[in-house]
Amino acid sequence: MKLWGGRFEKDTDALVEDFHSSIAFDRRLYKQDIQGSMAHARMLGRIGVLSRQEAEILLRGLDGLLADIEAGRVEFETGAEDIHMNIEKLLTERVGTVGKKLHTARSRNDQVALDLRLFLREEIDATKDLLVRLLRTLLELAEKHKETWMPGYTHLQKAQPISFGHHLTAYVQMFLRDLGRLRDTRRRLNFSPLGSGALAGTTFPLQREAVAEELGFAGVTLNSLDGVSDRDFALEFLGAASILMMHLSRLCEELVLWSSGEFRFVVMDDGYSTGSSIMPQKKNPDVAELVRGKTGRVYGDLMALLTVMKGLPLAYNKDMQEDKESVFDAVDTVKKSLSVVEPMLGTMQVDKQAMARAARQGFTNATDLADYLAKKGVPFRQAHELVGRIVLYCSKRGLALEDLTAAQFREFSEVFEPDLFQTIGIEHCVRARGLTGGPAPEAVAAGIARSREILAEL
Ligand code: ARG
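Note that the coordinates shown come from a computational prediction; the quantities given were computed from them, not determined experimentally.

## Topic: the site of the ligand
For step 1, the next point in the chain: Taken together, Ser22, Asp26, Asp82, His84, Arg108, Asn109, Val112, Tyr316, Lys318, Met320 and Gln321 are the residues near the ligand.
For step 2, the next point in the chain: No other element matches the three residues that helix H6 (residues 108–144) contributes to the shell around the ligand.
For step 3, the next point in the chain: For the shell around the ligand, the class distribution of residues is three nonpolar, four polar and four charged.
For step 4, the next point in the chain: Counting contributing residues, the shell around the ligand receives three or more from each of domain 1 (12–104) and domain 2 (109–146 + 162–354).

## Focus: the UniProt feature "domain: Argininosuccinate lyase C-terminal" (unreviewed entry) in the chain
For step 1, the next point in the chain: Mapped onto the present numbering, the UniProt feature "domain: Argininosuccinate lyase C-terminal" (unreviewed entry) falls on residues 363–430.
For step 2, the next point in the chain: In residues 363–430, the share of helix is 65% and the share of strand is 0%. The end C-alpha atoms are 14 Å apart.

## Some words on the UniProt feature "domain: Fumarate lyase N-terminal" (unreviewed entry) in the chain
For step 1, the next point in the chain: Listed under "domain: Fumarate lyase N-terminal" (unreviewed entry) in the UniProt record, and renumbered for this structure, are residues 6–300.
For step 2, the next point in the chain: In residues 6–300, the share of helix is 60% and the share of strand is 6%. The end C-alpha atoms are 39 Å apart.

## Quick look at the packing of helix H14 (residues 366–375) against helix H15 (residues 380–397)
For step 1, the next point in the chain: Running from N to C, H14 and H15 cross one another at 135 degrees; their axes reach a closest spacing of 8 Å. Here H14 is positioned oblique relative to H15, judged by the angle of their axes. Helix-helix and strand crossings are classified by hand; for H14 and H15 the assignment is right-handed. When H14 is examined against H15, the residues Ala366, Leu369, Ala370, Leu373 and Ala374 are found in contact with a partner set consisting of Phe380, Ala383, His384, Leu386, Val387 and Val391.
For step 2, the next point in the chain: In the contact of H14 with H15, the residues fall into 10 nonpolar, one polar and no charged.

About the criteria used
Residues numbered from 1 in each chain as written. Predicted model: local features only at pLDDT ≥ 70, side-chain atom pairs only at ≥ 80, totals over all residues. Near = placed C-beta within 6 Å. Helix = DSSP H or I, 4+ residues; strand = E, 2+ residues; numbered from the N terminus. Nonpolar A, V, L, I, M, F, W, Y, C, P; charged D, E, K, R; others polar. Domains from an automatic or database assignment. UniProt positions renumbered as here; feature names shortened; annotations may be inferred. Axes fitted to C-alpha atoms, helices over the stretch in contact; angles between N-to-C directions. Parallel < 35°, antiparallel > 145°, perpendicular 65-115°, else oblique. Left-handed = near helix turned anticlockwise from the far one by under 90°. Contact = placed C-beta atoms within 7 Å.

Structure follows, in structure tokens:
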């Protein structure tokens, strides 16, 4: 017998039973569901809808049920449709008729909205913790590599010399923004929809605010239709998760490149690499690749839920049951990815020499040579043209700029003096860029200090 079976004359078709049942995945919300039910029952007891004893029986029953589920002693039923009705049914089996009073002044519509908010609030906190750990590892690594020179790229062509620490602190900024987005999402999510009922609230004098407070919410939702039909909080999480994954993916893409034989900037620890079933020499950066690949899943989760929501009339529609698998999948994927990237970075070896060697190739100091001329009064556009010709001259002969003699430089322009050699030294090029946000070691150090402060405030 269905909990809603009164107006039905026939059983649900067996195929439909399986098709619309969500217990296979929403069982994951059992803890939040019981937590919400307990707060609801307590409040029903306070306002006299339930007697004190009835409320007490429900609370004890729910508590025992929670313990039994946690101990793996409970079997859920597909026929009982979802986690909400499974729990109500199990509770009633345990405590008798009073179990049937629990759902007074409540609908599964406000119940599921509540459960999902409670679930995501916890998972946002867990994701934030993992992100903070990743940030700390990145900051430590950046601190260590403030003077590890490497080429910076645009178009994946060598551009100007920077430091590895500078490169890493770019990711620190991205992940700090991700942390901020998660915090904002949590702030907007943290309102209780309970009391919205099916869509039109209820005639019972519920204490919405007190229940919200008990469940750790900052307040209650302000429209009952919106309370049951809003999934913005899930979409915001998926959006924040997608951007976070995009950042992880870019970082992992760089690790894949850097660990290749062509770059050799880093060597991944054996624990974070895998081999080939046929090629004995192979050591592949699979972990980094897989994080890059899993980014697509999370985008898919976001797209799936956006698409589920886009045509729905107010208020609740069964389509919304599809929200959960996307949210669960994204939560799991993001947490696993963060968990694995952090130690992968922490254990990776950095080849400073290889980085510095690469930084000295590819005319990464050409801009500095043009700036040298500009500082001596040559209009920058002319300086650019002139250095371009010197680069062409050198590249035809397999030389670097610093391989030319002072006399050769003076053949290009009388403005050149021997002090130019100091200007175009790779290390000097980096050290001279000390503006806020720049690659000079002091600027990177200041950025690290500021980032640590922001981290402590969050
Ligand atoms: N299992 C449902 C879901 O996840 C719970 C709400 C069902 N409400 C309803 N009116 N059928 O969305």
